[in-house]
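Chains, contacts and geometry: an overview
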Amino acid sequence: MALIHISKGAMSADISTLGAELQSLKCDGKEYLWQGDPAFWNGRSPVLFPITGRVWNNIYRHGGKEYTLDIHGFARNMEFTPVECGEDSVVLGLRSTEETLESYPFPFMLFITYRLTDRELSVTWFVRNEGKDEMHFQIGAHPAFYIPDFDPNATVRGYFSFDSEETPSYLIPLEKGCVKPEETHAMVLDENGMLPITAHTFDIDTYVMDSRRIHSCTLHSADRVPYLTVKLDMPVLALWAPTNKRSDCPFVCIEPWCGSCDTVGYDGEFSGRRVMNSLASGEFFSNTYKICL
């Protein structure tokens, strides 16, 4: 494992080769990324591949066989290879191995690019099907951010706002971390169209949001001052914090996903899961999200 440092003007970021995980994101010396205290959650910004969330009972089926995958897949626990390193950007790559093929029978190449510009970090995923058969996968991000001026005793600790003309809808992970797509909920926003962040906002655990009409999510301070924005063009946006276990949790996760957790009780083919991506032999997939400070 190695740590790669990039910088651009007042911005800097550190990326680990283990999981290609963002470890630090600073502007003017101020840290914005959660630093992984295991008393709350030891992650910082894991890459979710080849699934986002869970498959039912951690088991899925493809081509008449059963395979096992744990929550969010295996990429976050694998060593990536630096492919290109520059002053303000880095590209890291991961290739399928004999071990990955035992739990995910698709040869692949995964590249992740981190690039800094003025007060912005862009993260680009590139997935290529290296096999002869059609490949099915999901991919997502799980960055955690400090709540600005966090006060665990405040009734409202901050706010989320969404760039959407419609009230966002969401699903709730139910049994074994999976969802029921027919049980859609409309998000309850305040008079300013914002979602307050309190000690009980995440009593439901995770908001698995339909983000096809949401282009950005902004984290605000308790005074409603914009703090950071995640820009995305993806089908799912997840919001999570472990406040149902630690009410004094000082961070929130804003997670852009090209995927979703499984449907409760689903036992069909892997390709038929909710929000899947497919690639023919030799084809590639690419998508980018941005963190704007």
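In this convention, every chain numbers its residues from 1, walking through the sequence in written order. Given that this is a predicted model, residues contribute local features only at a pLDDT of at least 70 and side-chain atom pairs are listed and counted only at 80 or more, while totals for whole chains, interfaces and linings are drawn from all residues. The basis for the side-chain values is all heavy atoms of the structure; hydrogens and waters are excluded.

**Side note on the layout of surface pockets**
The volume enclosed by the largest pocket comes to roughly 440 Å³. What lines the largest pocket is a set of 18 residues, among which Ile-71, His-72, Asp-205, Thr-206 and Trp-240 lie closest to the centre. Under the DSSP-based scheme used, a helix requires at least four consecutive residues in state H or I and a strand at least two consecutive residues in state E, with every element numbered from the N terminus. If you list the elements that add at least two residues to the lining of the largest pocket, you get strand S19 (206–210) and strand S23 (251–258). By the convention adopted, Pro, Cys, Tyr, Trp, Phe, Met, Ile, Leu, Val and Ala count as nonpolar, Lys, Arg, Asp and Glu as charged, and the other residues, Gly among them, as polar. Looking at the lining of the largest pocket residue by residue, the classes come out as 8 nonpolar, 6 polar and 4 charged. Residues are said to line a cavity or pocket when one of their atoms sits within 4 Å of a point; the points come from a 1 Å grid over protein atoms alone, cavities being sets where a 1.4 Å probe fits but cannot get out and pockets being open sets with protein on both sides within 12 Å along at least five of seven lines. Grid points are joined across faces, edges and corners, and a volume is the space filled by probe spheres set on the points. One number sums up the size of the second largest pocket: a volume of about 280 Å³. In terms of lining residues, the second largest pocket is bounded by 15 residues, among which Glu-21, Asn-42, Gly-43, Arg-44 and Pro-46 are the most central. Looking at the lining of the second largest pocket, its residues break down into 5 nonpolar, 7 polar and 3 charged.

**Overview of the sheet that holds strand S18 (residues 195–197)**
If you trace the 9 strands from one edge of the open sheet to the other, you get S8-S9-S10-S11-S25-S21-S20-S15-S18, paired in antiparallel fashion. One side of each edge strand has no neighbouring strand; the edge strands of this open sheet are strand S8 (81–85) and S18. Strand-to-strand twist across the sheet, computed as the mean angle between neighbouring axes with direction ignored, equals 20 degrees. In this description, strands pair whenever DSSP reports at least two bridges between them. Angles run from 0 to 180 degrees between N-to-C directions of axes, and those axes are lines fitted to C-alpha atoms, restricted for helices to the stretch in contact.

**Here's the deal with empty space enclosed by the protein**
Under the criterion given, the structure shown has 1 cavity of 30 Å³ or more. What lines the largest cavity is simply Ser-45, Pro-46, Val-47, Tyr-114, Val-123, Trp-125, Ala-141 and Tyr-289. Of the residues assigned to the lining of the largest cavity, the class counts are 7 nonpolar, 1 polar and no charged.

**Considering the sheet that holds strand S1 (residues 3–8)**
Here we have 4 strands laid out as an open sheet, ordered S1-S2-S3-S4, and antiparallel in their pairing. Looking at which strands have only one partner, the edges of the open sheet turn out to be S1 and strand S4 (30–31). The sheet contact formed by strand S3 (residues 22–27) and S4 spans 2 bridges and is antiparallel. Among the inter-strand pairings, Lys-26 is bridged to a residue of S4, identified as Glu-31.

**Quick notes on the side chain of Thr-201**
Structurally, Thr-201 is set in the loop between S18 and S19. A simple rule labels every residue: compare its accessible area, found with a 1.4 Å probe on the protein chains alone, to the largest value its type can have, and call it buried under 20%, exposed over 50%, or partly exposed in between. On the accessibility criterion, Thr-201 (8% relative accessible area) is buried. We call two N or O atoms a polar contact when they sit within 3.5 Å, provided that within protein one can donate a hydrogen and the other can accept it, with sequence-adjacent residues counted only if both atoms are side-chain atoms. Among the polar contacts listed, one links the side chain of Thr-201 to the backbone oxygen of Pro-196, at a separation of 2.9 Å. The contact definition used throughout considers only heavy atoms, calling two residues in contact when any of these lie within 4.5 Å. Residues contacting Thr-201, with those up to four places away along its chain left out, are Leu-195, Pro-196 and Tyr-207.

**Some points on the pattern of salt bridges**
Whenever Lys or Arg places a side-chain nitrogen within 4 Å of a carboxyl oxygen from Asp or Glu, that contact is recorded as a salt bridge. Under the defined criterion, the tally for this structure stands at 13 salt bridges. For Glu-191, the salt bridge is made with Arg-224, and the minimal N-O distance between the two is 3.9 Å. Taken together, the residues Glu-191 in the loop between strand S17 (185–186) and S18 and Arg-224 in the loop between strand S20 (216–220) and strand S21 (226–231) connect sequence positions 33 residues apart. The exposure class of Glu-191 is exposed, given its relative accessible area of 69%. Residue Arg-224 is classed as partly exposed on the basis of its relative accessible area, which comes to 26%. A salt bridge links Asp-248 to Arg-246, with the shortest nitrogen-to-oxygen separation between them at 2.9 Å. Relative accessible area serves as the criterion here: at 29%, Asp-248 is assigned to the partly exposed category. Look at Arg-246 and you get partly exposed, because its relative accessible area is 29%. Connected through salt bridges with shared partners, the residues Arg-95, Arg-128 and Glu-130 form a single ionic network.

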